[in-house]
Amino acid sequence: QTQRVESGGGLVQPGGSLTLSCAASGSVFSIGTMAWYRQGTGNQRDWVARSISTGNTYYTDSVKGRFTLSRDNTKNMTNLQMSALRPEDTAVYYCRADIKPTPRARWRDVWGQGTQVTVSS
């Protein structure tokens, strides 16, 4: 069974920085898109950033210039470097990836369990 596990959440003051990491465990033959989402209290889960298999990376407008998504295909990992954090960035952050566990398996949409990020003074 393929899973993704996030780490790196926590409490940070406004203007501070935090890096989230997400690693795939289990059987992984290939990974396509890697992405980060977030869900604030009472809100829907929104897309934050994504990296497609060609290496192109895209960001939602509210985080452009502040967040950086990186991926390491050799380690099946993705990081989200967050800087200049604002209280409105407070949310549970989820990583997601399109994973092909074996050469003959179908692509699967695999989500992490989420990690809390709180931006507060």
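Residues numbered from 1 in each chain as written. Predicted model: local features only at pLDDT ≥ 70, side-chain atom pairs only at ≥ 80, totals over all residues. Heavy atoms only, no water.

Undergrad: Give a detailed account of the side chain of lysine 100, specifying residues and quantitative values.
TA: Tracing the sequence through the fold places lysine 100 in strand 9 (residues 91-100). Put simply, lysine 100 is tucked away with no salt bridge, and the nearest opposite charge, on aspartate 98, sits 12 Å away. Other than its neighbours up to four places away in sequence, lysine 100 contacts Val28, Phe29, Ser30, Ala105, Arg106 and Trp107. (Helix = DSSP H or I, 4+ residues; strand = E, 2+ residues; numbered from the N terminus. Buried < 20%, exposed > 50% of the residue type's maximum accessible area, 1.4 Å probe, protein only. Lys, Arg positive; Asp, Glu negative; His and termini not counted. Salt bridge = Lys/Arg side-chain N within 4 Å of Asp/Glu carboxyl O. Contact = heavy atoms within 4.5 Å.)

Undergrad: Residues and numbers for the environment of serine 53, please.
TA: Inspection of the secondary structure puts serine 53 in the loop between strand 5 (46-51) and strand 6 (57-59). Among all residues touching serine 53, those that are not within four sequence positions of it are Gly32 and Arg71.

Undergrad: Can you explain the pairing of strand 11 (residues 115-119)? Please cite residues and give values.
TA: Here strand 11 shows a clear split, with Thr115, Val117 and Val119 buried on one side and none of Gln116 and Thr118 buried on the other. With three bridges joining them, strand 2 (residues 10-12) and strand 11 adopt parallel strand pairing. Bridge assignment links glycine 10 to a residue of strand 11, and that residue is valine 117. Sheet topology note: the strand 9/strand 11 ladder contains three bridges and is antiparallel. Its bridge partner lying in strand 11, tyrosine 93 is registered against threonine 115. (Pairing = 2+ DSSP bridges.)

Undergrad: A description of the sheet that holds strand 1 (residues 3-7) should follow, citing residues and the corresponding values.
TA: Here we have four strands laid out as an open sheet, ordered 1-3-8-7, and antiparallel in their pairing. The two strands at the open ends of the sheet, each matched to only one other strand, are strand 1 and strand 7 (67-72). Strand-to-strand twist across the sheet, computed as the mean angle between neighbouring axes with direction ignored, equals 15 degrees. (Axes fitted to C-alpha atoms, helices over the stretch in contact; angles between N-to-C directions.)

Undergrad: Break down the environment of serine 70 for me, citing the residues and quoting the values.
TA: Here serine 70 shows up in strand 7. With residues near it in sequence (within four places) discarded, serine 70 still touches Met77, Thr78 and Asn79.

Undergrad: Account for the pattern of salt bridges, with residues named and values stated.
TA: A complete count under the given rule lists five salt bridges for this structure. A salt bridge links arginine 66 to aspartate 89; the shortest N-O distance between them is 2.8 Å. Here arginine 66 is found in the loop between strand 6 and strand 7, whereas its partner aspartate 89 is found in the loop between strand 8 (77-82) and strand 9, with 23 residues between them in sequence. Grouping residues by exposure puts arginine 66 and aspartate 89 together as buried. One connected set of salt bridges, linked through shared partners, spans Arg38, Arg66 and Asp89.

Undergrad: Before we move on, could you go through the state of the cysteines and cite the residues and values that matter?
TA: Within the structure shown, the criterion is met by one disulfide. The disulfide partner of cysteine 22 is cysteine 95, and the S-S distance across this bridge is 1.9 Å. Negative torsions about the S-S bond denote left-handed disulfides, and the value of about 45 degrees found for cysteine 22 with cysteine 95 makes this one right-handed. Pair noted here: cysteine 22 is in strand 3 (residues 18-25) and cysteine 95 is in strand 9, with a separation of 73 residues, a long-range link. The pair formed by cysteine 22 and cysteine 95 is uniform in burial state, with each residue classed as buried. (Disulfide = S-S within 2.5 Å.)

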